[in-house]
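Structural features, examined
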Amino acid sequence: MGSINIKSICCIGAGYVGGPTMAVIADNCPEIKITIVDLNKERIVLWNSNDLNKIPVFEPGLKEIIKKVRNKNLFFSTDVPNAISNADMIFISVNTPTKTKGIGAGRASDISWVEACTRQVAEYAIGETIVVEKSTIPVKTAEAIRSILMSCSKEDDQTKTSFSVLSNPEFLAEGTAINDLQNPDRILIGGDDQGSIDALKNIYLNWVPENQVITTNLWSSELSKLIANAFLAQRISSINSISALCEVTGANIEEVKKAIGLDSRIGSKFLNAGPGFGGSCFKKDLLNLTYLCEHFGLPEVSKYWEQVISINNWQQYRIYKTVINKLFGNVNKKKIVILGFSFKSDTNDTRESPAILICKNLLNEGANLFIHDPKVKKSQVEFELRNVGIDNNLNWIFTEKLEGIFDNADAILVLTEWGIYKEINWKSVNKVLRNPSWLFDTRRIIDPDIVNDYEFNFWQVGRGNDL
Ligand code: NAD
Ligand code: UDX
């Protein structure tokens, strides 16, 4: 394709990636009309809601941008065919979860949603159309997309259509998505058609410095996304494995983190010990990576990365076990307050949140859980717990308020590092607990010196008692 000036974009998928990503493009490129489409009508209604507190994705800074650009150059719609027909560039930003059945079940990524929307693109696109993979997909997916598009290219003069396919993975993290999109470390574009690459690059150059936009072949770009997530997840499993060693040796993970992080070859980021990584990406992408390695005849490589997932599962399990052990091996009918259900702070996303398995295990031991989260809805907690076999009548309640939640509690378990939990006055909380009571801090947000003064039984991940 020759030089192409993009005037109209369609993004298929109005989720955690499609919504924020297109909002930031719309904000930086007022001359481009962007339509985000989704099959999920309810989601589109919420994106169009007059009350900006109802938009379906909570991200700091997002509602302010939506207020600025919605119905100016950013539109949300369920009319997929029309948005495709009118677009010069189409982003595929649909979900790619782990397959649940058939070959590769439990490991390979399910690209059926990518395939379904590619078929719609093939059917409805008109003229020269650039298709951009925004979803995280297995390496070589562009080949499948291409062959679907090519087999459907229209030949007659009136609707003459041609396609080119680019890979442009998204590196935003939830909770910091707007800042990550406004100030990305890099933009990665994979492809082999220079005109299309330049067209996409020119969009980003509206706000990203040129030296931060890198281009590669399609396969390097597709693979780099999986590898970036694998390396990040690996750091978390590494530090979490060492948190357990700290606890039994009297070392303190915070001190170890500082000591190793100051080595410029290691660096200080992504070294926070916690309840294990959650979120919709790390586990899914690692599973996909291990599956791909095996598929391409590399079982040793597959086993190496499998271990990152095993340690993550183990970390969640060992936190639950620690709670049980500290409460004399019995939590039956004991009141445990769960602080935080989202997989990290500043998001309402609960996918793969460590809270899910930890709550499930405690409920199965007979505990009464009082679950709090400032942004997650009760229906979402219900949905996640039902998915792991917990029926709604089991002993848990959800509350959006902290008032009264600690009364007569046997234990408090901090699972998400929300800012409001850092403001809690532990001295007054201590007065209303049932004695002896425990405070478990899996996110290391509480200063041990402060709570020690209040004679709490206090446990913090990675903090060994001096021997
Ligand atoms: P999501 O589930 O929040 O959103 C996907 C949306 O696509 C859903 O609303 C769904 O209804 C819609 N959809 C599916 N098939 C469709 C079709 N044929 N036509 C129209 N709409 C359709 O998912 P997400 O978190 O936004 O992730 C999307 C992709 O981006 C995934 O591949 C993910 O791995 C990747 N990714 C996610 C993140 C993240 O932080 N969530 C970061 C980087 C990359
Ligand atoms: C991740 C990647 O960071 C992002 O680049 C990719 O595009 C999508 O997946 P996300 O899952 O949204 O982003 O959040 P992230 O900040 O990576 O955190 C993932 C999980 O790791 C969270 O549960 C978080 O609490 C945990 N984590 C993160 C730690 O336990 N310790 C850390 O030091 C960092």
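Our structure's up above, just so we're on the same page.
Below: a short report on this structure. (Residues numbered from 1 in each chain as written. Chains lettered and ligands numbered in written order. Predicted model: local features only at pLDDT ≥ 70, side-chain atom pairs only at ≥ 80, totals over all residues. Heavy atoms only, no water.)

As for the overall build of the chain
Put simply, the rule is: Here a strand is any run of E in DSSP of at least two residues, a helix any run of H or I of at least four, and the numbering for each starts at the N terminus. In this description the radius of gyration comes from C-alpha coordinates, and the expected globular size is given by 2.2 Å times residues to the power 0.38. With a 1.4 Å probe rolled over the protein chains alone, any residue whose accessible area is under 20% of its type maximum counts as buried; one over 50% counts as exposed, and the rest are partly exposed. Residues count as neighbours in contact if any of their non-hydrogen atoms are within 4.5 Å of one another. Accessible surface area values rest on a Shrake-Rupley calculation with a 1.4 Å probe, where residue burial reflects the displayed protein chains alone. Charged residues are defined narrowly, with Lys and Arg counted positive, Asp and Glu counted negative, and His plus the chain ends left uncounted. The atom standing in for a charge is NZ when the residue is Lys, CZ when it is Arg, CG when it is Asp and CD when it is Glu.
Each helix and strand in the chain was counted, giving 17 helices and 14 strands. Compactness check: the chain gives a C-alpha radius of gyration of 24 Å against a globular reference of 23 Å for 467 residues, within 12% of the reference. For the chain, the spread of C-alpha atoms along the three principal axes comes to 80 × 50 × 45 Å. When the 467 residues of the chain are sorted by exposure, 54% land in the buried category. Partitioning the intrachain contacts of the chain with sequence separation of at least 6 by distance along the chain shows that 75% fall at a separation of at least 24. Approximately 21,400 Å² of the chain is accessible, and the part contributed by carbon and sulfur atoms is 50%. Averaging the coordinates of the 51 positive side-chain charges in the chain and doing the same for the 55 negative ones gives two points 4 Å apart.

Examining unusual backbone geometry
Looking along the chain, the bond that leaves Asn-435 and enters Pro-436 is cis, with omega of -5°. Mapped onto the fold, Pro-436 is located in the loop between helix H16 (426-432) and strand E13 (438-441). Positive phi, normally seen in glycine, also occurs at Arg-444, with a value near 60°. The buried category is assigned to Arg-444, whose relative accessible area is 16%.

So, a nonpolar patch on the surface
We apply this condition: Excluding any residue in a salt bridge, patches collect residues exceeding 30% relative accessible area, merging like charges within 9 Å and nonpolar Val, Leu, Ile, Met, Phe, Trp and Tyr side chains within 5 Å. The salt bridge criterion pairs a side-chain nitrogen of Lys or Arg with a carboxyl oxygen of Asp or Glu, the two atoms within 4 Å.
There is a patch of nonpolar side chains on the surface, built from Ile-242, Leu-245 and Val-248 and spanning about 280 Å² of accessible area. Counting through the fold element by element, Leu-245 comes out in helix H9 (residues 218-249).

Thoughts on the sheet that holds E13
To keep things clear, this is the line we draw: Pairs of strands are assigned from DSSP output, requiring at least two bridges between the strands. Axes here refer to lines fitted to C-alpha atoms; in helices the fit is confined to the stretch in contact. Angles between the N-to-C directions go from 0 to 180 degrees.
Ordered by their spatial adjacency, six strands build an open sheet running E11-E10-E9-E12-E13-E14, and the pairing between neighbours is parallel. Across the chains shown, the open sheet's two edge strands, defined by having one partner strand only, are strand E11 (396-399) and strand E14 (457-460). Here the average twist between neighbouring strands, direction ignored, is 15°. Strand direction decides the pairing type here: strand E10 (residues 368-372) and E11, joined by four bridges, are parallel. When the sheet's bridge partners are listed, His-372 is paired in E11 with Thr-399. Of the strands in this sheet, strand E9 (335-339), E10, E11 and strand E12 (411-414) are in contact with helix H13 (residues 354-364), which crosses E10 at around 155°.

Considering the packing of aromatic side chains
Going by this rule: Pairing of aromatic rings covers Phe, Tyr and the six-membered ring of Trp, with a centre-to-centre limit of 6.5 Å; geometry is then stacked below 30 degrees between planes, edge-to-face above 60, and tilted otherwise.
Tallying each qualifying case throughout the model produces 11 aromatic pairs. Relative to Phe-282, the ring of Phe-270 lies with its centre 6.3 Å away and its plane at 70°, an arrangement referred to as edge-to-face. Of this pair, Phe-270 sits in the loop between helix H10 (253-261) and helix H11 (282-295) while Phe-282 is found in helix H11, placing the two residues 12 residues apart along the sequence. On the basis of an interplanar angle of 85° and a centroid distance of 6.2 Å, the ring pair of Trp-426 and Phe-456 is categorised as edge-to-face. With Trp-426 in helix H16 and Phe-456 in the loop between helix H17 (448-453) and E14, this residue pair connects regions lying 30 residues apart in the sequence. Across the pair, Phe-456 and Trp-426 agree in class, each one buried.

Focus on a negative patch on the surface
There is a patch of like negative charges on the surface, built from Asp-447, Asp-449, Asp-453 and Glu-455. Looking at where Asp-449 falls in the secondary structure, it is placed in helix H17. You can call Asp-449 exposed: its relative accessible area is 56%.

Considering the site of ligand 1
Quick note on the threshold: Definition of nearness: a residue and a molecule or strand are near each other if at least one heavy atom of the residue lies within 4 Å of the molecule or strand. Counted as a polar contact is a pair of N or O atoms within 3.5 Å, where, for protein atoms, one must be capable of donating a hydrogen and the other of accepting one, and residues adjacent in sequence contribute only when both atoms are in side chains. All amino acids are sorted into three groups, where Ala, Val, Leu, Ile, Met, Phe, Trp, Tyr, Cys and Pro are nonpolar, Asp, Glu, Lys and Arg are charged, and the leftover types, Gly among them, are polar.
Taken together, 25 residues surround ligand 1, and among them Asp-38, Arg-43, Thr-96, Glu-174 and Lys-284 come closest. At 3.4 Å, a backbone N or O of Leu-39 approaches a nitrogen atom of ligand 1. Residues belonging to the shell around ligand 1 are distributed by class as follows: nine nonpolar, nine polar and seven charged.

Section: the site of ligand 2
The environment of ligand 2 is made up of 19 residues, and the closest members are Leu-172, Glu-174, Lys-225, Lys-344 and Arg-443. For ligand 2, a nitrogen atom lies 2.8 Å from a polar atom in the backbone of Asn-272. A distance of 2.9 Å separates an oxygen atom of ligand 2 from a polar atom in the backbone of Gly-278. About the coverage of ligand 2: the protein hides 91% of its 650 Å² of free accessible area. In terms of residues, the shell around ligand 2 owes the most to one element, H9, which gives four residues. Among the residues making up the shell around ligand 2, the classes are represented as 11 nonpolar, three polar and five charged.

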